Amino acid sequence: MPARLPVESRRGSVLEAALLLFVVISVAGIALLSMSTITRLGMVRSSYDVRLLIAAEAGLEAMRGRFTLVPGVQEDWSALLPTNGWNDIGGPMTINGLQVQVQAMPMGYPGLTHARIRGIATGAFDRNRVVEYKIQAANFADYALFFGSNNTTFIGSYFKCVGNFYSKGSINLSNQPGIEFFGDVDTSEKVLNYVDYVYNFKKGFTEYAPVVTIPPEAYGLAPMRAAAEASGTLFYANTISIELVDQHFVRTFEYRFTGTGTNYNPNHYELRTELLEIPDNSVIYIDSGLAPQGVDSWGLTAQTANKASHGELDVWGVLDYKRVTIACEHDVRVTRNVSYRTLLDNPNLRRFTEKTSEQALGYREMLGVLSNHDITFETILWAPLPDYADVTDDPSRDPPDIGHHANQYSLDGVYMGVNKAARGAVGPATSRELWVCGGIINGDYPSTALASNFDRRNYDTDYRLQFTTPPYFMKAYGESANIVVGTWRTYTL
């Protein structure tokens, strides 16, 4: 039998155990109390950050209306943003007891109104929270097709539209095969005679939508002319054609050469060409007036006037890297393909499955073409693109990309005819396919009429138009600036 401990020893052991348990419980209690305090402080800080964030957002929304363009008053944001750094927009505001200052910084290109805008909310102990995003002036250039006529728009067979579509009048599919709208479809009237709602309209359609009009201020002839004058690319009615040659252009024009002495002939005109650099982020502008004295002329004095006048301007060619708008006060004829160099060299970027890829959003060249009257697409004069620039069938894609034709053509850029932008003469549509990357805008006409000249038409938007546009082109006045998608962020200073 083991020996038993004395009573005093047993009592001491119990006391030691009790004391140890007390210490453990005390330490755990203090730790739990400390953790609870930390949690409560974290919750307080988090809720305070949320209050700051909400106040910063509210301040931004309160000031974003200041960035509404007003024709003749605020054509751009230069008065609001006089310096290249951060500019205060108004004074500090008090929102829910917190001080908020809104600031903006100009960015982008000439003729493209862009800015970074941020709200800085400041609270106790100089704690702050910043909300920032990019904004741009609202614009009309994101329509793949726009028809501003009251008449019904008829849609031909094998019509493909990747992008937004608007028709002021009704839309009639006439039960034709192969018609697919991949973007928003809005009409201020009715949609008629479609075969398969799900196939024809990937995102459905909206009938009796509010009427969309494009006011003259939106295409801004005066600002475009001023930009061209500043870049040395203001020309007159003696200009016959503009051919884009990558980063240059060839201008063909009539030059008045009166001669001297016995060679004097007041009606002597010569056809001449000049190779010029494309003005980046500017405009090539054709004034419908006669060339003033001393411009494109030479004679007995340097002040001889050039009286040659053409009622239309021919445009075609390939644009590389530059961003430019061609604006003409009279008619424009597109007499051959107009192509972006990047898309010629990388035709896969034209595919529906590639339109929003990094490469398709990352190249730089962009063109706008404006006629204050009509743009006529003289497609029967066009030669097919070289084989290397064709989009070929690829059934392995999801969805399969098939049904392409042997002879392919391109119309890259955004085209606006204040009256119309449509086909000229009718020609055979024998295995012909058209690729558009940008948009066609008819101010007062119900059709492009291109179905007669192409078996398949790919009216594909340029998704870059969500965050950039051709210079000085298609502003929407009277509307608050748009937030550029994907640019929202928050941080502390």
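None of these values were measured; they are calculated from a predicted model.

Asks: Describe the nonpolar core, and please don't skip the residues or the numbers.
Replies: Within the largest apolar cluster, 81 residues are counted, with the highest numbers of intra-cluster contacts made by Phe165, Phe181, Leu367 and Phe377. Listed in part, the 27 residues of the second largest apolar core include Phe67, Leu80, Leu81 and Ile95.

Asks: Lay out the sheet that holds strand 13 (residues 191-192) in plain terms, naming residues and giving numbers.
Replies: Sheets are built from strands that pair by backbone hydrogen bonding, the pairs being arranged parallel or antiparallel. One open sheet accounts for 3 strands, arranged 7-10-13; its pairing is parallel. If you trace the sheet from one side to the other, it starts and ends with strand 7 (153-154) and strand 13, each paired once. Bridging between strand 7 and strand 10 (residues 171-172) involves 2 bridges; their strand directions are parallel. Each bridged residue has a counterpart across the sheet, and for Thr153 the counterpart in strand 10 is Ile171.

Asks: Mind laying out unusual backbone geometry, listing which residues take part and the relevant values?
Replies: Here Asp398 and Pro399 are connected by a cis peptide whose omega angle stands at 0°. Checked against the element boundaries, Pro399 lands in the loop between strand 24 (374-377) and strand 25 (407-417). One non-glycine residue with positive phi stands out, namely Asn281, at about 55°. Within the chain, Asp296 stands out as a residue other than glycine whose phi angle is a positive 55°. One can find Asp296 in the loop between strand 18 (282-286) and strand 19 (297-298).

Asks: Please provide a residue-by-residue account of the pairing of strand 8 (residues 159-162), values included.
Replies: Across the two faces of strand 8 the burial is the same, with Phe159 and Cys161 and Lys160 and Val162 all buried. Summarising the sheet, strand 8 and strand 28 (residues 456-461) pair through 4 bridges and their orientation is parallel. Bridge pairing in strand 28 links Phe159 to Arg457. Looking at chain direction, strand 8 and strand 11 (residues 180-181) are connected through 2 bridges and run parallel. Residue pairing across strands places Lys160 opposite Glu180, the latter belonging to strand 11.

Reading the values: rules and limits
- Residues numbered from 1 in each chain as written.
- Predicted model: local features only at pLDDT ≥ 70, side-chain atom pairs only at ≥ 80, totals over all residues.
- Heavy atoms only, no water.
- Core = buried A, V, L, I, M, F, W, Y, C linked by side-chain atoms within 4.5 Å.
- Buried < 20%, exposed > 50% of the residue type's maximum accessible area, 1.4 Å probe, protein only.
- Pairing = 2+ DSSP bridges.
- Helix = DSSP H or I, 4+ residues; strand = E, 2+ residues; numbered from the N terminus.

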